[in-house]
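Listed here are the chains, written in short residue letters.
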Amino acid sequence: HPYTQVLLASIPKLDPTERSAEQDAIEGEMPSPLDPPSGCRFRTRCPFAMHVCGEQTPPLAEVDPGHYVACHLYS
């Protein structure tokens, strides 16, 4: 899932030889748990967000046996 890839890429490296000059950071605003955004809850921080992400909550889809994703890229 694209958002998961961005989250994993933002984990700081402990080994100084593996650190990049610019650590990948997640841009955008963190969604409020008290007042979540419309549509996809992660669209404010997802680099792949589309117009539909703000309009509709993505359906839960099984991409592998027992592995589910809720993303308009997969629907």
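For the structure itself, consult the block above.
Residues numbered from 1 in each chain as written. Predicted model: local features only at pLDDT ≥ 70, side-chain atom pairs only at ≥ 80, totals over all residues. Heavy atoms only, no water.

Please provide a residue-by-residue account of the overall build of the chain, values included.
Summing up its helical and strand segments, the chain has 2 helices and 2 strands in all. Within the span of the chain, comprising 75 residues, buried residues form 20% of the whole. Of all intrachain contacts in the chain linking residues separated by at least 6 positions in sequence, the fraction that spans at least 24 positions is 16%. In the form shown here, the chain has an accessible surface area of approximately 5800 Å², with 56% of it arising from carbon and sulfur atoms. (Helix = DSSP H or I, 4+ residues; strand = E, 2+ residues; numbered from the N terminus. Buried < 20%, exposed > 50% of the residue type's maximum accessible area, 1.4 Å probe, protein only. Contact = heavy atoms within 4.5 Å. Areas by Shrake-Rupley, 256 points an atom, 1.4 Å probe, with all protein chains shown as cover.)

Explain the pairing of strand 1 (residues 60-64) to me, and be specific about the residues and the numbers.
In this structure, strand 1 lies alongside strand 2 (residues 67-70), joined through 4 bridges in antiparallel fashion. Residue pairing for strand 2: A61 is matched across the bridge by V69. Hairpin remark: strand 1 followed by strand 2, antiparallel, with 2 residues in the connecting loop; positive phi at G66, about 80°. (Pairing = 2+ DSSP bridges.)

Lay out helix 1 (residues 2-9) in plain terms, naming residues and giving numbers.
Within helix 1, burial applies to P2, Y3 and V6. The arc that holds the buried residues of helix 1, viewed along the axis, is 100°, so those residues lie on one side. Across from the buried face of helix 1, at angles greater than 90 degrees, the exposed residues are Q5 and L8. (Arc of directions from axis to C-beta.)

A description of the environment of R43 should follow, citing residues and the corresponding values.
Residue position: R43 is located in the loop between helix 1 and helix 2 (51-55). Here R43 falls in the partly exposed class, since its relative accessible area comes to 28%. Residues R43 and E29, spaced 14 residues apart in sequence, show a C-alpha to C-alpha distance of 9.3 Å. A distance of 2.9 Å separates the side chain of R43 from the backbone oxygen of S38, its partner in a polar contact. (Polar contact = N/O pair within 3.5 Å; in protein donor to acceptor, adjacent residues only side chain to side chain.)

Could you give me a rundown of the side chain of H72, with the residues and numbers involved?
If you trace the backbone, H72 turns up in the segment after strand 2. Given the relative accessible area of 11%, H72 is considered buried. The residues touching H72, leaving out its near neighbours within four places in the chain, are M50, V52, C53, Q56, T57, P58 and P59.

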